[in-house]
Each structure stands twice: as C-alpha cells, then as structure tokens.
Amino acid sequence: MTTPTPHIEIDGAPATDPGLLAALMTGFGHFTAMQVRDGRVKGLDLHLDRLDRATRELFGRELDGKHVRALITGALETSGQRNASVRVYAYPDVRLAVTVAAPAPDGPGAPQRLTTVEYSRPAPQIKHLGGFGQSYHREAARRAGYDEAVLTSPYGEIAEGAVTNIAFWDGTSVVWPSAPCLHGITMALLEPRLESVRRPVTLADLSGYRAAFVTNSRSIAPVTAIDEVTFAVDEELMERVYSAYDSVEWDEL
C-alpha cells in the first residue's frame, strides 16, 4: 500500500509540490554553505565530500558530486549571479535544494566578542538541520551584547562556536580544540596551511593564550574577548591566517 501524498497549503493555497514540502518540513537533513566567486568555490571537493558522507550516514545512499555541481551551476545561471552565497540542502529520499543569496563581504571579518554556554550539538560531525539549540544560544548572546556563543561541555571544555570554529594562538602554534565539533570547510583549509595542533582547550586555559580567531564560510575574524578574558588582536597572526586562506585555489564548478 502506498502512502498518500500529504495535503499542504501555504497562506491558504495548495502547495505546488507537497512531496517536496513534506520533506523540507521534517527538519531532518543536512547542508553545506559556500561562497561562490565568478562561478568558483574554495574547497569544492571538501563540500562535495561533506554532502556525500552525511547523505550516506543519514540516508544510506551515495550522493553524486557531478549532480550536485550541475544543480549549483543551474541555480546560479537561473539567478543570474556569478558571485553568491550558496547552500545545498539534502533531505529524506535525497531531495536536494539549492539556495542562492547575496555574497558575504570579502575581506577580514570584524573583531568578535564571545560568551560561553554549556551546550553540545547532537551528531556534531554532520552539518545538520534543526540547529535550534545553536540558534537559541547565539541569539541570546547577541541580545546580551556579544557577537557569538562558544559551546562548552559541562566540564568547561571548549568545542566550537554556535556557527563557527574557533582557534587559539599560544605563541607557537594555532590550537584547534579537540572536543567533538563540526570541522568546517574553512577550518579544514586553514589547518594544514598553518602551524596547527589539536588539543583540549578549557575555560581555565583561556588566559594562557595570546590570541584567538573564529572561522566559517562567511568570514575569518579575530576574537577580542571570551566572557571576561580579553585578547589582543595579533595583527601578524591574522595576516598569516588571511594569507593562508588567500593561498587556497578556487575550484571551477
């Protein structure tokens, strides 16, 4: 017996594709976010691998990278944009959606003030949907006058930001927290290009670090404070970080 297609209305009008909307409304799925410039992307293979791995884990199926690239280029052509912020979403039955929006500003991000919150994302290895907890804590941080929330364990071990990865500078190495987190694409591109290590970072350790910065698909920005601990903006460090990212080649879609 087949399951009937659900009846869905939007603002009182029947949805044109109820099956697709039903998949979107489950809140179960994953995505990747990228910046496109002149039809090119940094770390394209990493984005495609992220989508494929998460699709296998969540849905038990492969995801054809060539198909994903064709969907992205098609969406860019339809939108008439060559520079854009693009997201690819994967839903049950491997329904794919692509969004094309205004590009993030190029260049360094503004210095960030962060506050810590005890929270761990479920299945942190997947860039999954349903990030209510992250959004809740991030918006609470902003209302309190901060730019971002830093997620910690009950024992004070730092994992990541609500929508960022975070790294620290001890004067010798860039230190990425080793607690379970989403390894963002920007982090993955920077880590091998800098003198990097992964090790536990706790709240008690913060005062021993000389600087910190956050990364995501939209920007790389220095951190000036985490709660009551302040950091100087290390211009030499940030120049190295920006240069490392600039050295990454752009991949043709």
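This text gives an overview of the structure that appears in the document. Per chain, the residues get numbers from 1 upward, laid out in the order the sequence is written. Predicted model: local features are reported for residues with pLDDT of at least 70 only, side-chain atom pairs are reported and counted for 80 or more only, and whole-chain, interface and lining totals are derived from all residues. Just so you know, side-chain values use all the structure's heavy atoms and leave hydrogens and water out.

**Some details on the pattern of salt bridges**
1) Next: Salt bridges, as used here, are contacts in which a Lys or Arg side-chain nitrogen is within 4 Å of a carboxyl oxygen on Asp or Glu. Tallying each qualifying case throughout the model produces ten salt bridges.
2) Next: Two residues, Arg 56 and Glu 62, come together in a salt bridge whose shortest N-O distance is 3.6 Å.
3) Next: Note on Glu 62: relative accessible area 59%, which makes it exposed.
4) Next: Its salt-bridge partner being Glu 139, residue Arg 142 comes within 3.9 Å of it at the nearest N-O pair. In this pair, Arg 142 and Glu 139 are both assigned in helix 4 (residues 132-143), three residues apart and thus about one turn of the helix distant.
5) Next: Note on Arg 142: relative accessible area 41%, which makes it partly exposed.
6) Next: Classification of Glu 139 as partly exposed rests on a relative accessible area of 36%.
7) Next: Three or more residues are tied together by salt bridges with common partners; here these are Asp 52, Arg 56 and Glu 62. Relative accessibility decides the category of a residue: with a 1.4 Å probe and only protein chains considered, values under 20% of the type maximum give buried, values over 50% give exposed, and everything between is partly exposed. Starting at the N terminus, helices and strands are each numbered in turn, a helix being any DSSP run of H or I of at least four residues and a strand any DSSP run of E of at least two.

**A closer look at the environment of Arg 53**
1) Next: In this fold, Arg 53 is placed in helix 2 (residues 44-59).
2) Next: Overall, the relative accessible area of 45% leaves Arg 53 in the partly exposed class.
3) Next: Separated by 51 residues in sequence, Arg 53 and Ala 104 place their C-alpha atoms 26 Å apart.

**A few points about the nonpolar core**
Here is a general trend for soluble globular proteins: nonpolar side chains tend to be buried in one another's company.
1) Next: Definition of nonpolar core: a set of buried residues of the types Ala, Val, Leu, Ile, Met, Phe, Trp, Tyr and Cys, connected through side-chain atoms within 4.5 Å. The biggest cluster of nonpolar side chains holds 17 residues, and the ones touching the most others in it are Met 34, Val 36, Val 68, Ile 72, Leu 76, Val 86 and Leu 253.
2) Next: Excluding residues within four positions of it along the chain, Leu 253 makes contact with Val 36, Gly 39, Val 41, Leu 44, Arg 69, Ile 72, Thr 73 and Leu 76. Should any heavy atoms of two residues lie within 4.5 Å, those residues are considered in contact.

**Here's the deal with helix 6 (residues 235-246)**
1) Next: The terminal C-alpha atoms of helix 6, which comprises twelve residues, lie 16 Å apart, in line with the 16 Å expected from a rise of 1.5 Å per residue.
2) Next: Taken together, the buried positions of helix 6 are occupied by Leu 237, Met 238, Val 241, Tyr 242 and Ala 244. Each buried residue of helix 6 sits inside an arc of 160° when the element is viewed along its axis, so together they form one side. Of the exposed residues in helix 6, those oriented more than 90 degrees away from the buried face are Glu 235, Glu 236 and Asp 246.
3) Next: Structurally, helix 6 contributes buried residues whose contacts are with strand 10 (165-169), strand 11 (174-177), helix 5 (185-190), strand 13 (211-215) and strand 14 (220-226).
4) Next: Pairs of N or O atoms are called polar contacts if they sit within 3.5 Å, as long as, within protein, a hydrogen donor faces a hydrogen acceptor (for residues adjacent in sequence, only side-chain-to-side-chain pairs). The backbone nitrogen of Glu 236 lies 3.2 Å from a side-chain oxygen of the residue at the head of helix 6, namely Asp 234. One less than the residue count of a helix, multiplied by 1.5 Å, gives the span that helix is expected to have. Of all possible arcs, the one meant is that of the directions from the helix axis to the C-beta atoms.

**Some points on the sheet that holds strand 5 (residues 84-91)**
1) Next: Strand pairing is assigned whenever DSSP detects at least two bridges linking the two strands. Taking strand neighbours across the sheet as the criterion, the five strands line up as 6-5-3-4-16 in an open arrangement whose pairing is antiparallel. With one partner strand each, in any of the chains shown, strand 6 (95-101) and strand 16 (250-252) form the two edges of the open sheet. On average, each strand axis in the sheet is tilted by 35° relative to the strand beside it, whichever way the strands run.
2) Next: In this structure, strand 4 (residues 40-42) lies alongside strand 16, joined through three bridges in antiparallel fashion. Residue pairing for strand 16: Arg 40 is matched across the bridge by Glu 252. Here an angle of 0 to 180 degrees is reported between the N-to-C directions of two axes, which are lines fitted to C-alpha atoms, with helices fitted over the stretch in contact.

**Section: helix 1 (residues 18-25)**
A turn of α-helix holds 3.6 residues, and therefore any two residues three or four places apart point the same way.
1) Next: Among the residues making up helix 1, those that are buried are Pro 18, Leu 21 and Ala 23.
2) Next: Phi for Gly 27, located one or two positions after helix 1, is positive at around 70°.

**Regarding the side chain of Arg 50**
1) Next: As for its position among the elements, Arg 50 is in helix 2.
2) Next: Charged residues are defined here as Lys and Arg on the positive side and Asp and Glu on the negative side; His and the ends of the chain fall outside this count. Despite being buried, Arg 50 has no salt bridge partner; Asp 49 is the closest side chain of opposite charge, sitting 8.3 Å away.
3) Next: A distance of 2.9 Å separates polar atoms of two side chains, one belonging to Arg 50 and the other to Thr 32.
4) Next: Once residues within four sequence positions are removed from consideration, Arg 50 is found in contact with Phe 31, Thr 32, Ala 33, Lys 127, Leu 182, His 183, Gly 184 and Ile 185.

**Regarding unusual backbone geometry**
1) Next: Positive phi, normally seen in glycine, also occurs at Asp 38, with a value near 50°.
2) Next: With respect to the helices and strands, Asp 38 occurs in the loop between strand 3 (30-37) and strand 4.
3) Next: Backbone geometry places Asp 93, a non-glycine residue, at a positive phi of 65°.
4) Next: Note that Asp 93 resides in the loop between strand 5 and strand 6.

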